[in-house]
Amino acid sequence: KEFQHNFNPRYLVEITNVIVNTSTNHVYVLDSELKRRYLLRESTNWPVQLEILNNKLPRRMPKSRLTEATLGIPKSGFYHWVTEDLPNLMRASGPSQILCFEENSKPIIDLYKEMKIDSRLVEKWIYVEKLLFFTKGQDLGYLHPADAKVLKDFAQVFSDEDCEKGQKIYVSRRRSRRSLPAEEEIEKYLVAQGFQVMYAEDHSIDDQIKIFKNASVIIGVHGAGLTNSVWSTNCKLIEIMPQKRINRCFEWQANNTLLRSA
């Protein structure tokens, strides 16, 4: 029942004269005449062929330009930006400003403020003369143990004095497309067993960290809300998943963050 993964290397890169899609964090390199653009494979964890097919290039050179910048967090799903982009940002943060897509999600913008990061709101497409970023390793769905440690250390910054210790949490998806047909009945049953129903989307990222840090049991349907189990250290994670769907990313995350998965 164990499964393993061999990680690809990642590098801290300083690259010159590139175009950045700040919504996806895709980096495009230019040919010698600065006319043709090529997607840098190392700027995505997803299969590069799909990214080329599903993401359009800018029609012209971007008007927005920066001399120097560091790649920030893209506008992506909660699971992906927490496990794939946040650890890299914390490692790569330096003197240059962090790129932030001007239409990015509120939790990401709030996180920058909470961390006191010098970020710059920019348009979707921007030309950067010198860009600093960590390459992706094509390890989609596999949280690196070193990244897990970075996230654990990050969580310790947030005080949880006002949070109940040993809470039992049910992460509800009743308001989303992955809701179970009888989820309301499940909520009623678990509340009777001493569980707190949590709608993660109603809470800021720092509140989510504080609430989940000291949870003793987390139950939920497979989805982004279970990402919050990464902040916990002595907890059982019970994941509800359809029989015909196989996605073991949260099982992997649990095994690499000292959780007991079920």
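Criteria and cut-off values
- Residues numbered from 1 in each chain as written.
- Predicted model: local features only at pLDDT ≥ 70, side-chain atom pairs only at ≥ 80, totals over all residues.
- Heavy atoms only, no water.
- Salt bridge = Lys/Arg side-chain N within 4 Å of Asp/Glu carboxyl O.
- Helix = DSSP H or I, 4+ residues; strand = E, 2+ residues; numbered from the N terminus.
- Buried < 20%, exposed > 50% of the residue type's maximum accessible area, 1.4 Å probe, protein only.
- 1 Å grid on protein atoms, 1.4 Å probe; cavity = no way out; pocket = protein on both sides within 12 Å on 5 of 7 lines; lining within 4 Å.
- Points joined across faces, edges and corners; volume = space filled by probe spheres on them.
- Nonpolar A, V, L, I, M, F, W, Y, C, P; charged D, E, K, R; others polar.
- Pairing = 2+ DSSP bridges.
- Right-handed = clockwise from strand over helix to strand, strands pointing away.
- Arc of directions from axis to C-beta.
- Contact = heavy atoms within 4.5 Å.
- Phe/Tyr/Trp six-rings, centres within 6.5 Å; stacked < 30°, edge-to-face > 60°.

A.B. asks: Even after reading the chapter, I still don't get the pattern of salt bridges, so can you show me in this structure?
C.D. replies: Here the idea is simple: oppositely charged side chains can pair when their charged atoms come close. Counted according to the given criterion, the structure contains ten salt bridges. Among the salt bridges present, the one from K130 reaches E68, with a minimum N-O distance of 3.9 Å. Here K130 is found in strand 7 (residues 125-134), whereas its partner E68 is found in strand 4 (residues 65-70), with 62 residues between them in sequence. Look at K130 and you get partly exposed, because its relative accessible area is 28%. For E68, a relative accessible area of 37% gives the class partly exposed. Each of R10, R91 and D147 takes part in one network of salt bridges that share partners.

A.B. asks: I tried to follow helix 6 (residues 205-213) on my own but got confused; where do I start?
C.D. replies: The periodicity of an α-helix, 3.6 residues per turn, causes residues three or four places apart in sequence to face the same way. Where burial is concerned, most of helix 6 is hidden: seven out of the nine residues are buried. Burial in helix 6 covers these residues: I205, D206, Q208, I209, I211, F212 and K213.

A.B. asks: What is the right way to read empty space enclosed by the protein from this model?
C.D. replies: The gaps of empty space that remain are located by a probe, the size of a water molecule, rolled over the atoms. In the structure shown here, the tally under the stated rule is two cavities of 30 Å³ or more. Empty space within the largest cavity amounts to approximately 130 Å³. In terms of lining residues, the largest cavity is bounded by 15 residues, among which R10, N45, E84, Y142 and D147 are the most central. If one sorts the elements of the lining of the largest cavity by residue count, helix 2 (residues 78-92) sits on top with four residues. For the lining of the largest cavity, the per-class residue count stands at four nonpolar, six polar and five charged. Looking at the second largest cavity, its volume works out to about 120 Å³. Mapped onto the lining of the second largest cavity, the elements with two or more residues apiece are helix 2 and strand 7. Ranked by the residues each element gives to the lining of the second largest cavity, the list is headed by helix 2, at four residues.

A.B. asks: Can you walk me through the pairing of strand 5 (residues 98-101) in this structure?
C.D. replies: Looking along a regular strand, one sees the side chains alternate between the two faces of the sheet. Alternating residues of strand 5 divide into I98 and C100 and L99 and F101, and every residue in both groups is buried. Here strand 5 pairs with strand 6 (residues 119-122) via four bridges, running parallel. Along strand 6, the bridge assignment pairs L99 with R120. Chirality of the crossover, the property in question, places the unit of strand 5, helix 3 (residues 106-114) and strand 6 among those that are right-handed.

A.B. asks: Please clarify how helix 5 (residues 183-192) should be interpreted in this entry.
C.D. replies: Restricting attention to buried positions, one finds in helix 5 the residues E183, E187 and L190. All buried residues of helix 5 lie within an arc of 70° about the axis, which places them on one face of the element. Projecting away from the buried face of helix 5 at angles above 90 degrees are the exposed residues E185, Y189 and A192. For helix 5, the elements touching its buried residues are strand 8 (168-171), strand 9 (196-198) and strand 10 (217-221). Of the residues trailing helix 5, G194 is marked for its positive phi of about 95°.

A.B. asks: Looking at this structure, how should I read the layout of surface pockets?
C.D. replies: Roughly 970 Å³ of volume is contained in the largest pocket. What lines the largest pocket is a set of 45 residues, and nearest its centre among them are S76, G77, F78, Y79 and A224. Taken together, the residues that form the lining of the largest pocket break down as twelve nonpolar, 21 polar and twelve charged.

A.B. asks: Mind showing me how you'd approach the packing of aromatic side chains here?
C.D. replies: To describe a pair of aromatic rings, you give the distance between the ring centres and the angle between the ring planes. Evaluation of the coordinates by the stated rule reveals six aromatic pairs. Judged by centre distance (5.7 Å) and plane angle (50°), the ring pair of Y28 and W125 falls under tilted. Here W125 lies in strand 7 and Y28 lies in strand 2 (residues 26-30), a separation of 97 residues in the sequence. The exposure class of Y28 is buried, given its relative accessible area of 3%. Measuring from centroid to centroid gives 5.0 Å for Y142 and W252, while their planes differ by 85°, and the two rings are edge-to-face. Taken together, the positions of Y142 in the loop between strand 7 and helix 4 (145-155) and W252 in helix 7 (residues 249-255) put the pair 110 residues apart, joining distant regions of the chain. The exposure class of W252 is buried, given its relative accessible area of 8%.

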